[in-house]
Amino acid sequence: MSQIIRIAAALLIDPQSRTLLVRKRGTQAFMQPGGKIDAGESPQAALVRELHEELGLRLDPAQAVYLGQFSAPAANEPGFEVLAELFRVDSAEDVAPAAEIEEVVWLAADQITDLELAPLTRDLILPLYRQAVSAPR
């Protein structure tokens, strides 16, 4: 049985409908911004804290729309599974990699990427994102 890492993650979408992926220093896989939920912290509070630490974003928790809970094998911790509380965040703010983030990339829904992606991102979140942005408003 794998151990669980509880995280809050953002499906961060810019005005051009692109989504942001980040890569942590010393790792290969790109994933959604976000991070571990501390004991006693709500997923929304963790999301707001992590987006500020990692990207310099100031987020009103009310901007974060809850999309559900998703799980997949952890990209960087073998034998672990991530359990992600996923939120959609629409933001026009500039982001700058900070803390443990080494690289950020904006990805369009119709863009094919050869980036290495975390399993959660590749198998669950990107398909959800592509469906969300291609759906008629």
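Nothing here was measured: the structure is a model prediction, and the numbers come from that model.

(A) Geometry of empty space enclosed by the protein. According to the stated counting rule, one finds one cavity of 30 Å³ or more in the structure shown. Put simply, the largest cavity is a space of about 40 Å³. Of the residues that constitute the lining of the largest cavity, the class distribution is three nonpolar, two polar and two charged.

(B) How the structure looks around the pattern of salt bridges. A complete count under the given rule lists 10 salt bridges for this structure. With a closest N to O distance of 2.7 Å, aspartate 14 and arginine 18 form a salt bridge. Overall, arginine 18 belongs to the partly exposed group, its relative accessible area being 29%. For glutamate 53, the salt bridge identified is with arginine 49, shortest N-O distance 3.5 Å. Remark: arginine 49 and glutamate 53 occur in helix α1 (residues 43-55); sequence separation between them is four residues, near one turn of the helix. Residues joined in a network through salt bridges with shared partners are Asp38, Glu41, Arg49, Glu50 and Glu53.

(C) The layout of surface pockets, seen in detail. Of the pockets and cavities examined, the largest pocket occupies roughly 340 Å³. Ile7, Lys24, Met31, Glu77 and Val82 are the residues nearest the centre of the largest pocket, which is lined by 22 residues in total. Listing elements by their share of the lining of the largest pocket, those giving two or more residues are β1 (3-13), β3 (34-36), α1 and α2 (119-134). For the lining of the largest pocket, a count of residues per class yields 11 nonpolar, five polar and six charged.

(D) Broad picture of unusual backbone geometry. Positive phi, normally seen in glycine, also occurs at serine 17, with a value near 65°. Residue position: serine 17 is located in the loop between β1 and β2 (19-24).

Reading guide: rules and limits
Residues numbered from 1 in each chain as written. Predicted model: local features only at pLDDT ≥ 70, side-chain atom pairs only at ≥ 80, totals over all residues. Heavy atoms only, no water. 1 Å grid on protein atoms, 1.4 Å probe; cavity = no way out; pocket = protein on both sides within 12 Å on 5 of 7 lines; lining within 4 Å. Points joined across faces, edges and corners; volume = space filled by probe spheres on them. Nonpolar A, V, L, I, M, F, W, Y, C, P; charged D, E, K, R; others polar. Salt bridge = Lys/Arg side-chain N within 4 Å of Asp/Glu carboxyl O. Buried < 20%, exposed > 50% of the residue type's maximum accessible area, 1.4 Å probe, protein only. Helix = DSSP H or I, 4+ residues; strand = E, 2+ residues; numbered from the N terminus.

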